[in-house]
Structures are given as structure tokens and as C-alpha cells.
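Per-entry structural report
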Amino acid sequence: MTISLNDDHAFLPMPSVPHPSVGWTFTLRSGGVSQGPWGACANSTDNVPREAASPVPPDGQGPLQAEACPQAPSSGPAASSSTGPAPGGLNLGIHCSDDPDAAHENRRRVEAIIGQPISWLKQVHGIRVLDLDETHPDTDASRGTNRHAPSPEPQPHAQGTSASADMSPATDTPVPEPEADAQITTRPGIALAVQVADCLPVLLADRQGRVIGAAHAGWRSLAGGILQATVQKMRQKVPDADIVAWLGPCIGPAVFEVGDEVRAAFIAAAQDMATHLQGRPSVQEDAQHMARAESAFQPGRKPGKWLANLPELACQHLHALGITDIHTAGACTFSDPVRFWSYRRDQTCGRMAGLVWIKP
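- Named according to an unreviewed UniProt entry, the chain is Purine nucleoside phosphorylase originating from Lautropia mirabilis ATCC 51599.
- Here is the UniProt Sequence similarities (unreviewed entry) comment for the chain, exactly as written: "Belongs to the purine nucleoside phosphorylase YfiH/LACC1 family."

Spelled out as C-alpha cells, the structure:
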């Protein structure tokens, strides 16, 4: 059944996929059936440039053909898109003050659009990577088993609040999903998802379409080595994988203020990474890695505060892993309430998702 296109801002324009067998996409806040503060936005979407907001298909190869998450009818007077909250919202988080039924319905609609079941994670800001090719007692990736569970998020706040996500079939009894902040697979027919509302979503795919990965990179996970762990598992599956990365929208460097401890964590991570990748690095090489990490932080408004550049830090980690083909969305979730939810900006908010899959 074709889903009518009532809101053409449901997906972010994406770069071309690395291989024809790969699909990837990123959901926006507009569309869907969530209500109240989960609406498209209190501001008008009319001001969003069409080239920045019109949908593209999940594989980045042309316009969506009448496929998007329609807005639900408002139970009250029709809200003006320019004067008040709009009805409908494509929130994919189950436990973040939204109606869980609405979030589940939004997930089903996204599955219908991309034509794949979706694997959701219980994200905890760690560095565990779920391998969907392995046998798990509560997962059957080969059949695309989906599960539902809580999903609070926002950790870019530097306070390290926990986040979760979920995975479940519309007809199955909800069961707990695995705790992890990244997942990989070589199997076709199931989409890997990471949920965000300020954290950095990182989608990874081999240029020959043999292995894919998705990572939830808040500052704790990123400094802890989530990208290194994800890429390592992908290369264990396909040793000669030529990996392309896409860095999605996240809280931007002009507004992501953190403390000294966050900056120190990344500088230490840079030093550890140099040692791990090069053995015992020279003092000069060690200093270069640390200087690059330091360059991703600018002085904040108060002493001991810094403005952190998550995409730049992620790029540094990916470059150290030999991944140089990196696409960046270049969008700030905090600064663009029309298209994105932001936990730091709103506290109570929905969740977007980055998704990548190998086509059956």
C-alpha cells in the first residue's frame, strides 16, 4: 500500500550510496503520527530551503515516490504551520514522553518506506558493538526480528545521561533488546538503526556492499572508542573492506559546550589511539595527534568550558583507521528546530534515526 505524502520533510537528503546494494537514510522530525510537542515544529517549515529539506529515497538515488510518514489529523483546531505547533511528528523513541503507540506506528511506517525490518538498540553510551550475524537468544537477524524498548537519549550534554533505543516486530510481544551503541552485519534484509537527538550518528558501508555498520557517537562513546570497535568488527568480517562513512546531524560546535573533563578525555584518547595504531609513537607523532584533538575544542564562554566539534573528532578517529571517504551532513540539531529534535535545546523531545542496510 502506498503511503500518501502529506509531509515532504521526513527524510534528510543523502549522498549517493557506496554500492547499489546498500541503502541508507536519516529521518527528520516532520511527518508521522506523534502529537503535541512531538509535532513537526512550532515554527514554519516554509522557510526551509527546498534543496535542503525535500526528501530523497533511502538509497539517495531520486525523489521518494509518494512515500513518507503522513501527519496525523489534529484533534483540535487546525494549527497554522507558521503560527503554532503542527500536528504529527516522526518521533521514533518509545520512552521519551510521547505516546508509545504513536512511536511504534512511526517505526512501522519507516519500515514500510525502506522495505526492511529495523534492528533497534538499547543505547547506553558505551562501546559495545552488536554483531547481527552472530546468534543471540533474543535476536534473529536472518528473519529480521524487531523488538521494542525504551529510548531516552542525550548524552552530548556531557553529563552522560543514559540513552536507549529499541527493536521489535509490530506483531511480536515486546522483549528487551541488546545494550550496545553500534551494530554491524553482512546480512541483507535488515536495517541497522541508531537513534539520536544531539549525538552523532555514523553510518558505515563497504564500497562493495559486503558489510555495513551504524554507530551512536555521543561524546562518551566517541572518546571511548566506539568507531574503532565498530570498524574493527567490520574488518574482522571483511578484512579488505573499503569503508565509506556518513556523519549525520548532531549538536554543532558553536553550541556544544563541555567541561575540561571532556576535552581531557579526547586528548587522552588521541594519545591512546596513536599508541594502539602505531605501537610506541615518537614524541613528535604523539604531539601531532594530541594537537589535532585539541584543535576540535574552542574556548567556551567561561573558564573551564569548551565548544566541542563532534564531527571533527569523529573524522580524526576515522582518518586514524584509514577511512578518508567521509560525508558529513554539516547540520546542527540544536540550531535547526524545524528539522531536528535536540535534547539539549528542548529536554523533552523526540528521536531521529540513522539507518543503513544491505538490500536482499
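Further notes follow.
1. Focus on the sheet that holds strand E4 (residues 182-185)
- Spatially, the six strands line up as an open sheet ordered E3-E4-E7-E6-E8-E12, and their pairing is mixed. On the outer flanks of this sheet lie strand E3 (129-131) and strand E12 (326-328), each paired with one strand and no other. Taken pair by pair, the neighbouring strands of this sheet meet at an average axis angle of 15 degrees, ignoring direction.
- Pairing of strand E8 (residues 243-247) with E12 involves three bridges; the strand directions are parallel. Residue pairing in the sheet places tryptophan 246 in a bridge with histidine 327 of E12.
- Across the sheet, helix H4 (residues 226-237) is in contact with E3, E4, strand E6 (200-206), strand E7 (212-217) and E8; its angle to E7 comes to roughly 170 degrees.
- Of the strands in this sheet, E6, E7, E8 and E12 are in contact with helix H7 (residues 310-320), which crosses E8 at around 170 degrees.

2. Details of the pairing of E6
- Counting buried positions along E6 yields seven of seven residues, so the element is predominantly enclosed.
- Burial of the side chains of E6 extends over both faces: Leu200, Val202, Leu204 and Asp206 are buried on one face and Pro201, Leu203 and Ala205 on the other.
- Joining the antiparallel neighbours E6 and E7 is a turn of five residues, in which glycine 209 adopts a positive phi near 70 degrees.
- In this sheet, E8 lies alongside E6 in antiparallel orientation, the contact comprising five bridges. Across the sheet, residue aspartate 206 finds its bridge partner in E8, namely isoleucine 243.

What counts, and where the lines are drawn
- Residues numbered from 1 in each chain as written.
- Predicted model: local features only at pLDDT ≥ 70, side-chain atom pairs only at ≥ 80, totals over all residues.
- Heavy atoms only, no water.
- UniProt positions renumbered as here; feature names shortened; annotations may be inferred.
- Pairing = 2+ DSSP bridges.
- Helix = DSSP H or I, 4+ residues; strand = E, 2+ residues; numbered from the N terminus.
- Axes fitted to C-alpha atoms, helices over the stretch in contact; angles between N-to-C directions.
- Contact = heavy atoms within 4.5 Å.
- Buried < 20%, exposed > 50% of the residue type's maximum accessible area, 1.4 Å probe, protein only.

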